[in-house]
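Architecture at a glance
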Amino acid sequence: MATDSYYRFSGYARYFQEAPHDGKDSFSEGTSFETILDIYQADAAIRYRLSRQLTAVELMLRTKVAKVIAEEYSPYGNYLEDSFYLATCDRVVESCLRDISRSREPYILRYKEEQSSTGEMYSTLPIWSAVQAFSFGTLSKIIERGANGNLHARLASEIGLAQRGFSSRVKALVYLRNRCAHHSRLWNHSVIDAGATPNNVRGRAKRLVGQFDPRSITDIVASLDDIYLRCDLGKPVLNELHQEFCGVPSLWAGYTRPLSPRNHR
């Protein structure tokens, strides 16, 4: 733990203190440093395992978005026009252009050179190149609002998933991916903007690992596993995590029924 921050570790330790929200920072009787460290390290291992799955799904979505836009709309230009998207306070085209301008990949830079000579804003940049430059967050906005709100339904059909709630499921994956990428705590973390995990997906997951709250990390992982399986990307991970970590109740409960430090007792 030589390179880890005290403040990162303290987020786990608070759950073993008497009442940190009231300034009572003494640890509960029987608490050991090793107990907290085990949970801290298990959380890091789970983030690593989930990151691999999330990467595979993200890459698949990039490919499918490019395919659907190119085949059914146009591979050039229109995905960088405001008229292609539902009108919202989030300007999707601005996000796209910002991500493209940051790229230093050759397959993007060649179109920057064309832009400087013609004055047109990436009019010949094909979606299959541009999509590689978008952040996962920008990609989720495109999925949700593209084709005037119809892209997410077309994309879900292409993948073989239910159209209803699909864009919110993608947003939940972005949320989980960002927490994993920034090494943020998953244990006892309640998801504010949870995705619309289908009831049948939740039901199957609960038969495997037991009950869990809709705002739990487990709920997003159940949705992730469903997409992973339907797209034939590999072996799902939720049941493996359950078998490996359910033997420590205080650990597993933090992923299925998250609590705040105020309520942990």
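Look a little higher up for the structure.
These numbers come from a predicted model, not from an experiment.

The next point concerns the overall build of the chain. From N to C terminus, the chain includes 12 helices and two strands. Seen along its three principal axes, the alpha-carbon backbone of the chain occupies a region of about 70 × 40 × 30 Å. For the chain, the residues scored as buried account for 48% of the 265 residues in total. If you take every contact in the chain between residues at least 6 apart in sequence, the share linking residues at least 24 apart comes to 68%. Total accessible area on the chain is roughly 13500 Å²; 49% of this is exposed by carbon and sulfur atoms.

Turning our attention to unusual backbone geometry. We note that asparagine 148 has phi near 55°; this positive angle belongs to a residue other than glycine. Of note, asparagine 148 is situated in helix 6 (residues 136-149). For aspartate 232, which is not glycine, the phi dihedral falls at a positive 55°. Structurally, the position occupied by aspartate 232 is in the loop between helix 10 (217-230) and helix 11 (238-245). Aspartate 232 gets classed as exposed once you look at its relative accessible area, which sits at 69%.

Where side chains of opposite charge bring their charged atoms close, a pairing between them can arise. Tallied over the entire structure, the rule returns 19 salt bridges. The closest approach of N and O atoms between glutamate 72 and arginine 154, which form a salt bridge, is 2.1 Å. Here the residue glutamate 72 occupies a position in helix 2 (residues 33-72), and arginine 154 occupies one in helix 7 (residues 151-159), the gap between them amounting to 82 residues. Taking relative accessible area as the criterion, glutamate 72 reaches 37% and is therefore assigned partly exposed. Of the residues examined, arginine 154 reaches a relative accessible area of 25% and is grouped as partly exposed.

Turning next to the environment of glycine 195. One can find glycine 195 in the loop between helix 8 (166-181) and helix 9 (199-209). A relative accessible area of 8% places glycine 195 in the buried class. Sequence-wise, glycine 195 and proline 75 are 120 residues apart; in three dimensions their C-alpha atoms are separated by 29 Å.

This part covers helix 11. By the burial criterion, the buried members of helix 11 are Leu238, Leu241, His242 and Phe245. For helix 11, the buried positions fall inside an angular range of 100° around the axis, keeping them on one side. The elements touched by buried residues of helix 11 are helix 2, helix 9, helix 10 and helix 12 (249-256).

Conventions we followed
Residues numbered from 1 in each chain as written. Predicted model: local features only at pLDDT ≥ 70, side-chain atom pairs only at ≥ 80, totals over all residues. Heavy atoms only, no water. Helix = DSSP H or I, 4+ residues; strand = E, 2+ residues; numbered from the N terminus. Buried < 20%, exposed > 50% of the residue type's maximum accessible area, 1.4 Å probe, protein only. Contact = heavy atoms within 4.5 Å. Areas by Shrake-Rupley, 256 points an atom, 1.4 Å probe, with all protein chains shown as cover. Salt bridge = Lys/Arg side-chain N within 4 Å of Asp/Glu carboxyl O. Arc of directions from axis to C-beta.

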